[in-house]
Amino acid sequence: MLFLFGERVAVHAGAKPISRPNILFISIDDLNDWSGCLGNHIGVKTPNIDRLAKNGMLFSNAHCQAPLCGPSRASVYTGMYPHSTGIYNQIHDEEIKKSGPIAANAVFLPDYFEAFGYKTLGVGKLFHKGDNAGAYDLYGGVFPEMGFGPNPKKRVNFDPKWFTDKANTSTDWAPLNMDDSEMSDYKIAEWAVDALKQDHEKPFLMAVGFIRPHVPWHVPQKWFNMFPVESIELPQYKADDLDDVPEYSRNLHAMPQMPKTEWLIKEKQWKPMLQGYLACMAFMDHQLGKVLDALENSSYADNTVVVLWSDHGYHLGEKNRVCKHSLWQRSTHVPLIFAGAGIVRGQRCGAQVGLIDMYPTLVELCGLEANAANQGNSLVPLLNNPSIKWNHPAFTSYGYKNISIYLDGFHFIHYADGSAELYDTDSDPNEWRNLAGSSAYASHIRMFKQRLPKESAVLSPSCW
């Protein structure tokens, strides 16, 4: 079944809706841009993400503001860029506002809506550790007895100690001999479904944070069975891909504790690894479908804005890596969908946008006074007309003065040592040809350098 939302009503700045819409704010951890609606990998099974896209606006060129969980979510909830706050690395939820003078003035997204009479409730992974920031009126937990598990008693296919004694990773892949109901995302979906069946006297902002496909890639066997190993398509890979990038880039992006594509090929583990990721995507998508069905069958179906997003992308063999932690497109590019009340169905927008834009967009869609501290841009003009010229670049930071900029079909990466990469993402979506050294693109380089932030905050001491 598809959503049965009401007819579109354009919302303009300063307008006050007759009835303020509810918000269903759905985050998915480590989901890259392979969802079926984005069409970047065949064989993906995400029918519920895809049906949501068909019933709203799919932003096909959306990017996170940091390529790892903590700083990305801090940016979403504060509405501020990492290069303004200095939150470039992981940070505990309760430390965000203590991280420096800029973040200290932030009003978290749910707190802002509470100030205008909204009830806020959430469940699952919202901030990096759930909601240790205490931003929601009612929080259902992350089911900490599970964490990112359940896990097998022993590693199955990958152990970082085979390669390095540096920072650990829970990366591994194998099916579990257990029922769906024992998984965290199942419990998260059940909590959300129950909340949507309840009567809420106030308009609400409900956040649902799914954990999969975060590592380890363990879900029950039936989800692995959906993706026979022999039928899995490999992503495109170029062994000498990094030969034309600066040495600073290779050092910054090195993740010795994570699987390398060279190793996956040697050990015949690339397709089994992909099977694990695809299985986790399918499992999570099924839990998402239960929440979407519950909304459709509730009294809130016609007056709820649904937003779906992922905190960052994920490399699955491209550029000889299986991880996030990069300024390349596979790490920054994320799904972003707006659907529901006031949103035209079946639209797609290719303008470069950021997750930081969700905060001011929701504020405007709900007719609230704009938050002057928001550094993103309301996407309402694009929701009303996805073809308009959009001159706002999308920024992603990975550490101090390492910044990625997307604008007008090009991707520019500038590093702290002054070196750079430039890609024409329209003709080179794999980012195999670094154009930064070509005199033919000197004007592009000058233009992008002018777009760099005038000031960048140093790394906050609150990060870890």
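Up top is the structure these notes are about.
Residues numbered from 1 in each chain as written. Predicted model: local features only at pLDDT ≥ 70, side-chain atom pairs only at ≥ 80, totals over all residues. Heavy atoms only, no water.

## Looking at the pattern of salt bridges
Worth spelling out the cut-off: The rule for a salt bridge is simple: a side-chain nitrogen of Lys or Arg has to be within 4 Å of a carboxyl oxygen of Asp or Glu. Numbered from the N terminus, helices here are DSSP runs of H or I no shorter than four residues, and strands are runs of E no shorter than two. Exposed residues in this analysis have more than 50% of their type's maximum accessible area, buried residues have under 20%, and partly exposed residues fall in between, with area computed by a 1.4 Å probe over protein chains only.
Evaluation of the coordinates by the stated rule reveals 14 salt bridges. Between Asp29 and Lys125 there is a salt bridge, with the nearest N and O atoms lying 2.7 Å from each other. Note that Asp29 is positioned in the loop between strand E1 (22-28) and helix H1 (47-54) and Lys125 in the loop between strand E4 (119-124) and strand E5 (138-139), a separation of 96 residues in sequence. Exposure class is identical for Asp29 and Lys125. Each is buried. Arg330 serves as the salt-bridge partner of Asp33, at 2.5 Å between the closest nitrogen and oxygen. Pair noted here: Asp33 is in the loop between E1 and H1 and Arg330 is in helix H11 (residues 329-332), with a separation of 297 residues, a long-range link. Classification of Arg330 as buried rests on a relative accessible area of 17%. Via salt bridges that share partners, Asp29, Arg73, Lys125 and Asp311 belong to a single interconnected network.

## Brief notes about the packing of aromatic side chains
Operational definition: Each aromatic pair joins two rings of Phe, Tyr and Trp (for Trp, the six-membered one) with centres within 6.5 Å, and gets the label stacked for planes under 30 degrees apart, edge-to-face for over 60, and tilted for any other angle.
Throughout the structure, instances matching the rule amount to 28 aromatic pairs. Between Tyr81 and Phe395, the aromatic rings sit 5.6 Å apart at their centres with planes inclined by 85°, giving edge-to-face as the arrangement. Of this pair, Tyr81 sits in the loop between helix H2 (69-78) and helix H3 (82-85) while Phe395 sits in strand E12 (residues 394-397), and the two are 314 residues apart along the sequence. In this structure, Tyr81 and Phe395 share a single accessibility class: buried. On the numbers, 6.4 Å between centres and 35° between planes, the contact of Trp173 with Trp217 is tilted. With Trp173 in the loop between E5 and helix H6 (184-197) and Trp217 in the loop between strand E6 (204-210) and helix H7 (221-225), the pair connects residues that are 44 residues apart, well separated along the chain.

## Points about unusual backbone geometry
Note that the residue after Arg212, namely Pro213, is joined by a cis bond; omega there is 15°. Mapped onto the secondary structure, Pro213 falls in the loop between E6 and H7. The amide bond that connects Val215 to the next residue, Pro216, takes the cis arrangement and shows omega of 0°. Counting through the fold element by element, Pro216 comes out in the loop between E6 and H7. Positive phi is not limited to glycine here, since Lys268 has a value of about 55°. In this fold, Lys268 is placed in the loop between helix H9 (261-266) and helix H10 (270-296).

## Remarks on the environment of Lys401
Inspection of the secondary structure assignment puts Lys401 in the loop between E12 and strand E13 (403-407). Each C-alpha atom of the pair Lys401 and Leu452 lies 9.3 Å from the other, and the pair is 51 residues apart in sequence.

## Structural notes on the environment of Pro235
Cut-off, in case you're wondering: A contact between two residues is defined here by any heavy atoms of the two lying within 4.5 Å.
Locating Pro235 in the fold gives a position in the loop between H7 and helix H8 (247-253). Here Pro235 falls in the buried class, since its relative accessible area comes to 10%. For the pair Pro235 and Glu318, spaced 83 residues apart in the sequence, the C-alpha separation amounts to 6.7 Å. Those residues in contact with Pro235 that lie beyond four places of it in its chain are Trp34, His41, Trp270, Leu274, Leu316 and Glu318.

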